[in-house]
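Given next are the chains, with one letter for each unit.
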Amino acid sequence: METPPPVPLVHASLGEKELAAVAEVFSSGWPAGQGPRGKALEAQLAERYEVADAVAASNCGAALHLALLALGVEPGDEVIVADYTFPAPAQAVRYVDAVPVFADVRADTGTVDPRSVADLITPRTVGVIAVDTLGVPADYGQLQTIADRHGLFLVEDAACAVGATYRGRQAGALAEVGCLSFHGRKGATSGEGGALLARDPRIGADARLRSSFGIGSIFDMGKVVGLPIPEFTEIGYNYKLSDIAAAILQVQLGRVDELLARRNAVAAQYTELLADEELLTVPFVPEDRTHAWQSYVVTLDAGVDRSAVAAELRGQGIGCGQGAWATHVQPVFRSRQKCPVSADLFARNLAVPMHAELTPDQVERVVNALRGAVRTHSTATRSTGGAA
Ligand SMILES: *Cc1c(COP(=O)(O)O)cnc(C)c1O
């Protein structure tokens, strides 16, 4: 029997239009950052997200770092971070020598639990980083109320959530500062890339300055008559996005609706086919928000051997992964905190192939393989009507 071709976990949708945009940058002679393409991308982002300023950055980790610097986080400050996520928020807190405090998450969405955030506030707390976990926005209504009551900043890590919405508003613009990722595994991509979205133009200006070693755009300086020598007034970084990447992103942003429609269709098919499977739980999306489906993650029953399931899927050429991480148990943070819900999701979640190129046949194949694997590797008694 012929083995069917593999079904990868992720696949970036980059094509001819993106290639043509890159070719244009090559002939323009300015491939570096903060050139005409970068400026155009920033304008496009500011318009799309209805924010005062958008700063293109080399990646979302850089955008989070710039956000914390612009918000004035100081060494020793405590910043509450969502625990169940790619651990970039806690890393960013450590970049500025501040202390990440891990907030547990909702079991149904994996997003930060506002009650957990409220419980962790101390006199040293300066802010909160919420995460739109795997593409579903957090509870910004409640989080903003808590932040306002205690005078804290609220940052939205919307790395996975381009195209998602919360109460009709775009994910990425749900807090005073939002950070986006355009990594190859996210819904819109330039390979690597990111952006910081700011409601306050001073935050945007500060982030832009520090993203280019603390001086303004070299491209702009080249147009000035005479020879004004710019001064370095801040310690900055090189967190600029190249104009090559910016050109790719301009095309990708124009395709977000199209790509998201396909991810939505894949998610709907998975959910329809898996909803009745007792050995796993399908993702939950609250009524007041929409998912960007960066990943499609199921939670396996406690009696299912996840690594055996994963090995079986991979053996059949089907990509899978653990989903996000429980941050507090990562060795680098040496935390003694407990986030039991996050730890449980980290132990039981399984990400299955999700991208815009998946066909209905492939989804069906994944579902059949997954169903078979969870049944084979479950300790649960499946006989109906038997004793508990
Ligand atoms: C992917 C991801 C990041 C990191 O994004 P990069 O652009 O790769 O730096 C940050 N936060 C979350 C929640 C992510 O999923």
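Look a little higher up for the structure.
The structure displayed is predicted, hence computed values, not measured ones.

Undergrad: Please explain the overall build of the protein chain as it appears in this structure.
TA: The helix and strand inventory of the protein chain stands at 13 helices and 15 strands. For 388 residues, the compact-globule estimate of 2.2 N^0.38 gives 21 Å, and the protein chain sits close to it at 22 Å. Projected onto its principal axes, the C-alpha coordinates of the protein chain cover approximately 85 × 55 × 35 Å. In the protein chain, buried positions account for 54% of the 388 residues. Put simply, of all contacts in the protein chain between residues at least 6 apart along the chain, 73% involve residues at least 24 apart. By element, 55% of the accessible surface of the protein chain is carried by carbon and sulfur atoms, the whole surface being about 17300 Å². Mean positive and mean negative side-chain charge positions of the protein chain (33 and 45 charges, respectively) differ by 2 Å.

Undergrad: Can you walk me through the pairing of strand 2 (residues 78-82) in this structure?
TA: Moving residue by residue along a regular strand, the side chains alternate between the two faces of the sheet. In terms of burial, strand 2 is largely enclosed, as 5 of its 5 residues are buried. Both faces of strand 2 are covered, namely the face carrying Glu-78, Ile-80 and Ala-82 and the face carrying Val-79 and Val-81. The sheet contact formed by strand 2 and strand 4 (residues 99-103) spans 5 bridges and is parallel. Note on strand 4: the bridge partner recorded for Ala-82 is Ala-103. The pairing of strand 2 with strand 5 (residues 125-131) spans 4 bridges and is parallel. Looking across to strand 5, one finds that Val-79 is bridged to Gly-127.

Undergrad: Would you mind going over the packing of aromatic side chains with me for this structure?
TA: Geometrically, a pair of aromatic rings is defined through the distance of the ring centres and the angle of the planes. What the rule picks out here adds up to 7 aromatic pairs. Relative to Tyr-166, the ring of Tyr-140 lies with its centre 5.9 Å away and its plane at 80°, an arrangement referred to as edge-to-face. Here Tyr-140, found in helix 6 (residues 140-150), pairs with Tyr-166, found in strand 7 (residues 165-166); they are 26 residues apart in sequence, far enough to count as distant. Accessibility classification places Tyr-140 together with Tyr-166 in one group, the buried group. Here the aromatic cluster, defined as three or more aromatic residues joined through ring pairs, consists of Tyr-270, Trp-293 and Tyr-296.

Undergrad: Please explain unusual backbone geometry as it appears in this structure.
TA: Trans is the prevailing form of peptide bonds, just as negative phi is the prevailing case for residues other than glycine. Even without a glycine there, the phi angle at Glu-50 is positive, about 50°. Within the element layout of this structure, Glu-50 appears in the loop between helix 2 (36-49) and strand 1 (53-57). Positive phi is not limited to glycine here, since Arg-334 has a value of about 40°. Mapped onto the elements, Arg-334 comes out in the loop between strand 14 (325-326) and helix 12 (340-348).

Undergrad: What is the right way to read the sheet that holds strand 7 from this model?
TA: Think of a sheet as strands paired side by side through backbone hydrogen bonds, with each pair either parallel or antiparallel. With respect to topology, 3 strands assemble into an open sheet ordered 8-7-12, the strand pairing being antiparallel. The sheet is open, and its two edges are formed by strand 8 (169-170) and strand 12 (289-290), each paired on a single side.

Reading the values: the criteria
Residues numbered from 1 in each chain as written. Predicted model: local features only at pLDDT ≥ 70, side-chain atom pairs only at ≥ 80, totals over all residues. Heavy atoms only, no water. Helix = DSSP H or I, 4+ residues; strand = E, 2+ residues; numbered from the N terminus. Rg over C-alpha atoms; globule rule 2.2 N^0.38 Å. Buried < 20%, exposed > 50% of the residue type's maximum accessible area, 1.4 Å probe, protein only. Contact = heavy atoms within 4.5 Å. Areas by Shrake-Rupley, 256 points an atom, 1.4 Å probe, with all protein chains shown as cover. Lys, Arg positive; Asp, Glu negative; His and termini not counted. Charge placed at Lys NZ, Arg CZ, Asp CG, Glu CD. Pairing = 2+ DSSP bridges. Phe/Tyr/Trp six-rings, centres within 6.5 Å; stacked < 30°, edge-to-face > 60°.

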